[in-house]
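Residue-level listing of the chains:
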Amino acid sequence: MAPTVSIIIPIFNAEAYLARCLDSILAQSYSDWECILVEDGSTDGSGRICDCYAAKDARFKAIHGSNKGVSTARNKGIQLSGGQWFYFCDADDEVMPNALETLIHECDSSGSDLVFGGYVECDEHGLVIAEPSNEWHRQLSVDETLCELYKATNCTYEGYLWCKLFRAELIRDHHIRFAEDIYFNEDRLFIVEYLCHVSTAIAYTSTPVYRYYHHDNSAYFGTKSKWNPHYITDLRAYVRMYHMVLSLTDSPCPRLLAKKGIRRSIRTILRRLHDTRTQEPSVIHELKDIEKRYFSICERLYLYYLHLVY
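### Some remarks on the pairing of strand E2 (residues 33-40)
With respect to burial, E2 is a largely interior element, 8 of its 8 residues being buried. Burial of the side chains of E2 extends over both faces: Trp33, Cys35, Leu37 and Glu39 are buried on one face and Glu34, Ile36, Val38 and Asp40 on the other. Direction of pairing for strand E1 (residues 5-11) relative to E2: parallel, over a ladder of 7 bridges. Looking at E2, one finds that Ile7 is bridged to Cys35. For the segment spanning E1, helix H1 (residues 15-26) and E2, crossover handedness is right-handed. Sheet analysis places E2 next to strand E3 (residues 60-65), joined by 6 bridges and oriented parallel. Note on E3: the bridge partner recorded for Cys35 is Phe60. At this point the chain moves from E2, through helix H2 (residues 46-56), to the parallel E3, and the crossover so formed is right-handed.

### Points about the pairing of strand E4 (residues 85-88)
Burial along E4 is two-sided: the residues Trp85 and Tyr87 and Phe86 and Phe88 are all buried. Two elements, E4 and strand E9 (residues 164-167), share 2 bridges in a ladder whose sense is antiparallel. Counted as the bridge partner of Trp85 is Arg167 from E9.

### A closer look at unusual backbone geometry
Even without a glycine there, the phi angle at Asn13 is positive, about 50°. Here Asn13 lies in the loop between E1 and H1. Given the relative accessible area of 31%, Asn13 is considered partly exposed. The backbone of Asn185 sits at a positive phi, close to 70°, despite the residue not being glycine. The residue Asn185 is located in the loop between helix H6 (168-173) and helix H7 (186-195) in this model.

### Things to note about the pattern of salt bridges
Using the criterion set out here, one finds 12 salt bridges in the structure. Of the charged contacts in the structure, one is a salt bridge between Arg240 and Asp181, with a shortest N-O distance of 2.6 Å. Of this pair, Arg240 sits in helix H9 (residues 232-248) while Asp181 sits in the loop between H6 and H7, and the two are 59 residues apart along the sequence. With relative accessibility at 32%, the residue Arg240 sits in the partly exposed group. A relative accessible area of 41% places Asp181 in the partly exposed class. Here Asp289 ties to Arg293 by a salt bridge, and the two come within 3.1 Å at their closest N and O atoms. On the criterion of helical spacing, the pair formed by Asp289 and Arg293 is a turn pair, its members being 4 residues apart in helix H11 (residues 281-294). Accessibility expressed as a relative area gives 34% for Asp289, which makes it partly exposed. Overlapping salt bridges bring together Arg74, Asp90 and Glu186 as one network.

### A word on H1
Taking 1.5 Å per residue, 12 residues should reach 16 Å; H1 reaches 17 Å between its end C-alpha atoms and fits that length. Restricting attention to buried positions, one finds in H1 the residues Leu18, Cys21, Leu22, Ser24 and Ile25. For H1, the arc enclosing every buried residue in end-on projection is 150°, short of the 170-degree limit, so these residues lie on one face. In this fold, the buried residues of H1 make contact with E1, E2, H2, E3 and strand E5 (94-95).

### With respect to the packing of H9 against helix H10 (residues 252-275)
With their axes 9 Å apart at the nearest point, H9 and H10 run at an angle of 170° to one another. What the angle tells us is that H9 and H10 run roughly antiparallel. Listed contacts from H10 to Ile232, Asp234, Leu235, Tyr238, Val239, Tyr242, Val245 and Leu246 of H9 are Pro254, Arg255, Ala258, Lys259, Gly261, Ile262, Arg264, Ser265, Ile266 and Ile269. Of the residues in the contact of H9 with H10, the class split is 12 nonpolar, 2 polar and 4 charged.

### So, the confidence of the model for the protein
Averaged over every residue, the pLDDT of the protein is 90; residues scoring 70 or more account for 91%. Segment residues 219-223 is flagged for pLDDT under 50; beyond a separation of four residues in sequence, or across chains, it makes 13 contacts in the model.

### A few points about the packing of aromatic side chains
Think of a pair of aromatic rings as described by two things: how far the centres are apart, and how the planes are tilted against each other in angle. Scanning the model with the defined rule gives 19 aromatic pairs in all. Look at Trp33 and Phe60: their rings are 5.4 Å apart centre to centre, the planes differ by 65°, and that puts the pair in the edge-to-face class. Of this pair, Trp33 sits in strand E2 while Phe60 sits in strand E3, and the two are 27 residues apart along the sequence. The pair Trp33 / Phe60 is uniform in exposure class, with both members buried.

Definitions and cut-offs
- Residues numbered from 1 in each chain as written.
- Predicted model: local features only at pLDDT ≥ 70, side-chain atom pairs only at ≥ 80, totals over all residues.
- Heavy atoms only, no water.
- Buried < 20%, exposed > 50% of the residue type's maximum accessible area, 1.4 Å probe, protein only.
- Helix = DSSP H or I, 4+ residues; strand = E, 2+ residues; numbered from the N terminus.
- Pairing = 2+ DSSP bridges.
- Right-handed = clockwise from strand over helix to strand, strands pointing away.
- Salt bridge = Lys/Arg side-chain N within 4 Å of Asp/Glu carboxyl O.
- Expected span 1.5 Å × (residues − 1).
- Arc of directions from axis to C-beta.
- Contact = heavy atoms within 4.5 Å.
- Axes fitted to C-alpha atoms, helices over the stretch in contact; angles between N-to-C directions.
- Parallel < 35°, antiparallel > 145°, perpendicular 65-115°, else oblique.
- Nonpolar A, V, L, I, M, F, W, Y, C, P; charged D, E, K, R; others polar.
- pLDDT = per-residue confidence, 0-100.
- Phe/Tyr/Trp six-rings, centres within 6.5 Å; stacked < 30°, edge-to-face > 60°.

Written out as structure tokens, the structure is:
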């Protein structure tokens, strides 16, 4: 019999944190799960740890491959999973002991195709940086959920995968996959594509289901000191999401926020270029091309001002 939840964890050089993450899976109060460990060509001891846990508990399945990136690893996990629900986790974080139980309960009580849970942000030593300030449960429409994905607030849900539960049937039937040519914001892009096929209200709870650790060697923080050529894919992700939102809803709020997402990404990339003192003519050309296609003259004048500043 297929498990209720398939947990998918992409793993690359996570030896320092992996056992902590997998122990948090074993500690789940909800036991009907499988955990697909997609070890993506690590050069440290991550592969050995995966095999160790797979030998200890048959619910763990260790898959080894060459380094193809997090999106390819997650797609492989989707392909090999048999659960009714998908839960995505990062190898350097922790899942709260009641995470799956909380999310499944919200799903059963609401009948939703998508459940959002709360999370706690920690520094690398485990000190709590941010957490939900109160407890609540609610249901939002797809339009309202799109607005949540674009809002920039403290401890926001944004586009993170790991505090959400996805109905596997929708992902399989509509062949929803992670874009393997996108290296930043691929998670938010996946969620927006998934929302294109959701026919129910989305269930929200502020109950924390995840402990997210900030690490200086993460993909995001790495761009602050050195230019990452993949960062331009953040903008490409926002452009793809914008078109998805236009096809999904006529509501002005998510459409406006989706367009602002493109502008915010342009501004962020300009800052990265400035902060890392990088000259990338091809990147500037792509930014200007997107400005012409998606923004009015007045909006482009504002973006031109940003070019001068950054």
